[in-house]
Amino acid sequence: MHPLPSGCAVPDHGDLTKREHPEPPHPYRLPFDRDRGRIIHARAFRRLAGKTQVFTHRYSDHFRSRLTHTMEVAQIARTVAAALGLNESLTESLALVHDIGHPPFGHTGEKALDRALRRYGLRFDHNLHALRIVEHFETRYAEFRGLNLTLGVREGIIKHSRDYSAAEHPELAGYFLDQRPPLEAQLIDMVDEIAYLTADFDDGFEAGILSLNDARAGVRLFEQFYSPMQEKYPGAREKLVFNEALKRMLNALVGDLIEETCRRVDAAHVSTLEAIRNAAERLAAFSPAMEELRLEAKNYLYARLYHAPELEHDHQEAERVITTLFHAWVEDPALLPPGHAAEVVAEGAPRVVADYIAGMTDSYILSRYAEFTSGRD
Ligand code: MG
């Protein structure tokens, strides 16, 4: 459907395969393939299975966790990278690691942790936390801390969704902050949007929170496929017609991303990594028409799903659990496990407690909260 674009094949990655601690080449695995393996074998990656994406397990075991969301992003990202002639292993590694820094309880958990840290003049940022995980908290090797990932993967972890200024983040100076990241990293944010927009429609309907007719009226990108599928499959169950529409919506977003990115690469006459880095703006993008439809769908999900009264109970609980434990442990860091308590002198209690909480799964933090509140009675 989308012929391999000409002029889109992008460049060799040279220095991006460098590691902080040099390692001899592997006999049959390339550097980004090794990174993908290291990410999949990381403890933080396994914990994604126990972290909420949008719905807690109270709703259904069928719904996405952060791990299955991550796998959906990886699957779509590989498709896009292959169609654009990009490095599939780098892209897949970045997709697999893109949410590794998320705390328990989805975005509510992230906001609660950020709010708690602000009282100490600090912030929580899941991209920066992901970098701390792969550089510091994962300990698998005798010779160094962290996973010793390539520069390309570490840069992508930081820059897949936003840019950071060197003035605010001098510690990130080695990551080309005044330049665009490679296309493989640029894609991840857009693919993440495609994956969660479509998945959240799916789970939102299954949960009975979104209504079909309301979505058809409010989301053109959905209705433009639902209506023809209803005509094509007049006797089919509603959910199957819905599925047919949703997969076409996903394909439309992916196809548009591939074509528009290719168009921009062609228009900018870009053929080297250096040119991608120095382009005036990121080149991976949706077309303006699709961007408008995507925003409409996203705003719809915010209004009808992410802020739905049905999810309010979970949001309040997440906020209460994170805020209570954060302040209790900051006030008395001796309650932390010894390994974390030992970091307090160097990092300060608020950052250490935030790191500790951010690593937790939903069920683990709930059990710690239950312990804490029972001990308080
Ligand atoms: Mg994501």
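Just so we're clear, the structure is a prediction, and the values are computed from it rather than from any experiment.

A.B. asks: Which residues make up the pattern of salt bridges, and what are the values?
C.D. replies: Counting across every chain of the model gives 37 salt bridges. Of the charged contacts, one joins aspartate 114 and arginine 123 as a salt bridge, the two residues approaching to 2.9 Å between their closest N and O atoms. For arginine 123, a relative accessible area of 46% corresponds to the partly exposed category. The shortest N-O distance in the salt bridge between lysine 239 and glutamate 206 comes to 3.3 Å.

A.B. asks: Explain the coordination of the magnesium ion to me, and be specific about the residues and the numbers.
C.D. replies: Ligation of the magnesium ion by protein atoms is provided by His69 (NE2), His98 (NE2), Asp99 (OD) and Asp192 (OD), these donors lying 2.2 to 2.4 Å from the ion. Of note, the donors binding the magnesium ion are all from one chain and are spaced H-x28-H-D-x92-D. In this pair, histidine 69 sits in helix H3 (residues 66-84) while histidine 98 sits in the loop between helix H4 (88-97) and helix H5 (106-118), placing the two residues 29 residues apart along the sequence. Take histidine 69: its relative accessible area is 2%, and that puts it in the buried class. The buried category is assigned to histidine 98, whose relative accessible area is 2%.

A.B. asks: Got a sec to walk through the packing of H3 against helix H8 (residues 183-206)? Specific residues and values, please.
C.D. replies: In the contact formed by H3 and H8, the axes pass within 9 Å of each other and the chain directions differ by 130°. Between H3 and H8, the interaxial angle falls into the category oblique. Read as a crossing pair, H3 and H8 show a hand that is right-handed. Residues His69, Glu72, Val73, Ile76, Ala77, Val80, Ala81 and Leu84 of H3 form the contact with H8, whose own contacting residues are Leu187, Ile188, Val191, Asp192, Ile194, Ala195, Tyr196 and Ala199. When its residues are assigned to classes, the contact of H3 with H8 shows 13 nonpolar, one polar and two charged.

A.B. asks: I'd like a description of helix H11 (residues 238-267), backed by residues and values.
C.D. replies: Look at H11: 43 Å from first C-alpha to last across 30 residues, which is about the 44 Å you get at 1.5 Å a residue. At the C-terminal side of H11, histidine 269 shows a positive phi close to 50°.

A.B. asks: Tell me what's going on with unusual backbone geometry, and back it up with residues and numbers.
C.D. replies: For phenylalanine 176, which is not glycine, the phi dihedral falls at a positive 50°. When you line up the elements, phenylalanine 176 lands in the loop between helix H7 (151-159) and H8. One non-glycine residue with positive phi stands out, namely histidine 269, at about 50°. Assignment of secondary structure puts histidine 269 in the loop between H11 and helix H12 (273-278). Overall, the relative accessible area of 70% leaves histidine 269 in the exposed class.

A.B. asks: Quick rundown of the packing of aromatic side chains? Include the residues and the values.
C.D. replies: Evaluation of the coordinates by the stated rule reveals eleven aromatic pairs. Aromatic side chains tyrosine 141 and phenylalanine 144 sit 5.2 Å apart centroid to centroid with 45° between the ring planes, which places their arrangement in the tilted category. A relative accessible area of 31% means that tyrosine 141 is categorised as partly exposed. Residue classification places phenylalanine 144 among the buried residues on the basis of a relative accessible area of 12%. Among the aromatic residues, ring-to-ring pairing joins Phe201, Phe205, Phe222, Tyr226, Phe242 and Tyr300 into one connected group. Directly above the aromatic system of phenylalanine 176 lies the positively charged group of arginine 277, at a separation of 3.9 Å from the ring centroid.

Here is what the cut-offs are and how they apply
- Residues numbered from 1 in each chain as written.
- Predicted model: local features only at pLDDT ≥ 70, side-chain atom pairs only at ≥ 80, totals over all residues.
- Heavy atoms only, no water.
- Salt bridge = Lys/Arg side-chain N within 4 Å of Asp/Glu carboxyl O.
- Buried < 20%, exposed > 50% of the residue type's maximum accessible area, 1.4 Å probe, protein only.
- Donors = N, O, S within 2.8 Å, 3.2 Å for Na, K, Ca; no water.
- Helix = DSSP H or I, 4+ residues; strand = E, 2+ residues; numbered from the N terminus.
- Axes fitted to C-alpha atoms, helices over the stretch in contact; angles between N-to-C directions.
- Parallel < 35°, antiparallel > 145°, perpendicular 65-115°, else oblique.
- Left-handed = near helix turned anticlockwise from the far one by under 90°.
- Contact = heavy atoms within 4.5 Å.
- Nonpolar A, V, L, I, M, F, W, Y, C, P; charged D, E, K, R; others polar.
- Expected span 1.5 Å × (residues − 1).
- Phe/Tyr/Trp six-rings, centres within 6.5 Å; stacked < 30°, edge-to-face > 60°.
- Lys NZ or Arg CZ within 6 Å of the ring centre and 35° of its normal.

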